[in-house]
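Now for the letters of each chain:
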Amino acid sequence: MAGILSAIKLRRNGYNNFTIYEKAKRLGGTWRENTYPGIACDVPSHSYCYEFEPNPEWSHTCSPGAEILEYFENVAVKYGVTKHVQFEAEISQLRFEDDKWHLQCKDGQSGVFDFIVAATGVLHHPAYPDIPGLQTFTGPTFHSARWDHTVKLEGQRVGIIGTGSSAIQIIGDLSGKVAKLIQFQRTPQWILPRPNPTYSEQEKQYFRENPEAMQKIRAEQMQMFEHGFSSAVVGENPQALADIQAATLAHLENKVSDSVLREKLRPNYQAACKRLIMDDKYYDAIQHPDSELVTETISAIEPAGVRTADGKLHELDVLVIATGFKADQFLRPIEVIGRNGKTLEEAWADRPSAYLSVCAPDFPNLVMLNGPNGPVGNFSLIDVADIQLDFFMKLLDELQAGDYTAFAPKSEAAERFEAERVQATKNTVWVSGCKSWYLDDNGVPAAWPWSMHRFRTALGNPDFADFELTR
Ligand code: NAP
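First, a word on scope: everything that follows refers to the structure included in this document. Just so we're clear, the structure is a prediction, and the values are computed from it rather than from any experiment. (Residues numbered from 1 in each chain as written. Predicted model: local features only at pLDDT ≥ 70, side-chain atom pairs only at ≥ 80, totals over all residues. Heavy atoms only, no water.)

1. Overview of the site of the ligand
Let me state the cut-off plainly: If even one non-hydrogen atom of a residue comes within 4 Å of a molecule or strand, that residue is called near it. Distance and chemistry together define a polar contact, namely a pair of N or O atoms within 3.5 Å, with one atom able to donate a hydrogen and the other to accept it when in protein, and with adjacent residues in sequence counting only for side-chain atoms on both sides. Computed with a 1.4 Å probe, the accessible areas rest on the Shrake-Rupley method; for each residue, only the protein chains presented here act as cover. Segments assigned H or I by DSSP are reported as helices when at least four residues long, segments assigned E as strands when at least two residues long, and all are numbered from the N terminus. Each residue gets one of three labels, nonpolar for Ala, Val, Leu, Ile, Met, Phe, Trp, Tyr, Cys and Pro, charged for Asp, Glu, Lys and Arg, and polar for the others, Gly among them. Domain boundaries shown here were taken from an automatic or database domain assignment.
In the vicinity of the ligand, 23 residues are found, and the nearest of them are Thr163, Ser166, Thr187, Lys274 and Trp437. At 3.1 Å, a backbone N or O of Ser165 approaches an oxygen atom of the ligand. The separation between an oxygen atom of the ligand and a polar main-chain atom of Ala322 is 3.4 Å. Against a free-state accessible area of 910 Å², the protein chains account for coverage of 84% of the ligand. Element by element, the count of residues in the shell around the ligand is highest for helix α4 (residues 165–174), at three residues. When its residues are assigned to classes, the shell around the ligand shows 10 nonpolar, nine polar and four charged. Each of two domains, domain 1 (2–123 + 326–470) and domain 2 (134–197 + 208–321), supplies a minimum of three residues to the shell around the ligand.

2. Here's the deal with helix α6 (residues 211–233)
Using the following cut-off: Expected helix span is computed as 1.5 Å times (number of residues minus one). What is called the bend at a residue is the angle between a pair of axes, fitted to the seven residues leading up to and ending at it and to the seven starting from it. For every residue, the accessible area obtained with a 1.4 Å probe (protein chains only) is divided by the maximum for its type, and the residue is called buried under 20%, exposed over 50%, and partly exposed between those limits. Here a residue-residue contact requires only that any non-hydrogen atoms of the pair lie within 4.5 Å.
Between its first and last C-alpha, α6 extends 32 Å over 23 residues, near the 33 Å set by a 1.5 Å rise per residue. Where α6 bends most, at Glu226, the angle is about 35°. Here α6 has its buried residues at Ala213, Met214, Arg218, Gln221, Met222, Phe225, Glu226, Phe229, Ser230, Ser231, Ala232 and Val233. Those residues of α6 hidden inside the fold are in contact with α5 (201–209), α7 (238–255), α11 (381–401) and α13 (452–460). Downstream of α6 by one or two residues, Gly235 has phi in the positive range, about 80°.

3. Topic: the packing of helix α1 (residues 2–12) against α11
Convention followed: Here the axes come from fitting lines to C-alpha atoms, over the contacting stretch only for helices, and the angles between their N-to-C directions go from 0 to 180 degrees. When the near helix sits turned anticlockwise from the far one by under a right angle, the crossing is termed left-handed; a clockwise turn instead gives a right-handed crossing.
At a minimum axis separation of 10 Å, α1 and α11 run at an interaxial angle of 35°. Considering the relative orientation of α1 and α11, their crossing is right-handed. In contact with Ala2, Leu5, Ser6, Lys9 and Leu10 of α1, α11 contributes Ile382, Ala385, Asp386, Leu389, Asp390, Phe392 and Met393. Of the residues contributing to the contact of α1 with α11, the split by class is eight nonpolar, one polar and three charged.

Here it is, written out as structure tokens:
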């Protein structure tokens, strides 16, 4: 979605000479890769779309993944993006030499470009658990982001490892449809109730005739996110955080009747410390007579199923690995070689970082969308990419105005920003005592630690003194 958006924004700003490299056969990013049962976006659909392209056809408040994929593909066609795309073109190397980026693909094709926009996503590379015997399971096993739709699940005993947003949505959909559903939980999660009503034909007709009604819903939802959630997680709105805690707690108490199960599902950390789950189906699903929650630690995976530390073998026919993603990869594994032969691996030896979440010293004319420190609260990554692209357009304008050819943030500016960012993460809920994909190996949150308002303001008013501009 960020790549499609880049193309549309470039053209709107008069830049028509660009190529989009897509390693797959079709567009869609996360919505192409993730096709697990129950997949939906928990950001409401009228917010989770491009601002300039509201969609009156959304079926639900939070619509299913297939609809979102269709939306992005339709927008790409409508705005003439698809014809700029080289499909099945996986980039292996980007090298900055003679003031240009030299691009190399795995299939041998190459190109030379003035600028690179990396719209490579955050949660893209599946993380597999380091559990002994994982490969020995004899039944089908696959990651949630690599769902094998050839595997029939009806009448099967299905195990799911994980309690993140993916696992919760899968269980919400599968429960009652399979012979047995066993969830292996290492850490329980707080869940914010999220009713998900359908839009009636009458409502859709109203949206078709009154597009401003969709914009109004979007604006209201954004306000709510910004002043409620996004400011709560970064320590700027303790009352909102307390409200989230109260709502998740009430959800657990009201929905789970069995006291033993309820205690197993009760987290011992602050709500929103991990990426908050928003869902209305899971608690019912896990209480289904054919569902089971296993909280014993997994000791091994064996040919017949999962063995837990209490010695019990949980026999399974299918095993789903819903253990998340390597969230620190960004545009890697592309080999990125910047100025003076400096590689991105070297630049990110401590941790991935980017000045204002967008660009890095020694890598001129390279911008990253949803790159390091990109996630802003649970904000839609579409809006984050949108703001980052506007920042890029401002840099391009500045280059043109001064007859410059290249920009890169100064090292001292990038270091100052990163030091301030790390300091600010200490006020966030993400460091309040849980593990999550927000944290890097040193326990430092990789997300934007300030409000959405600050993100918009900082990127909307670039300080060009922080950049080296060269001719
Ligand atoms: P995740 O949130 O990173 O969850 C991974 C789960 O796997 C955790 O429960 C983790 O347990 C567990 N796990 C990992 N290694 C394990 C091991 N060795 N043994 C047992 N359990 C293990 O992954 P995800 O559910 O795929 O979600 C990732 C992100 O994708 C979400 O946070 C969200 O940002 C995004 N997402 C969004 C939506 C949406 O509707 N917008 C839907 C799905 C996903 P611990 O908690 O103990 O580490």
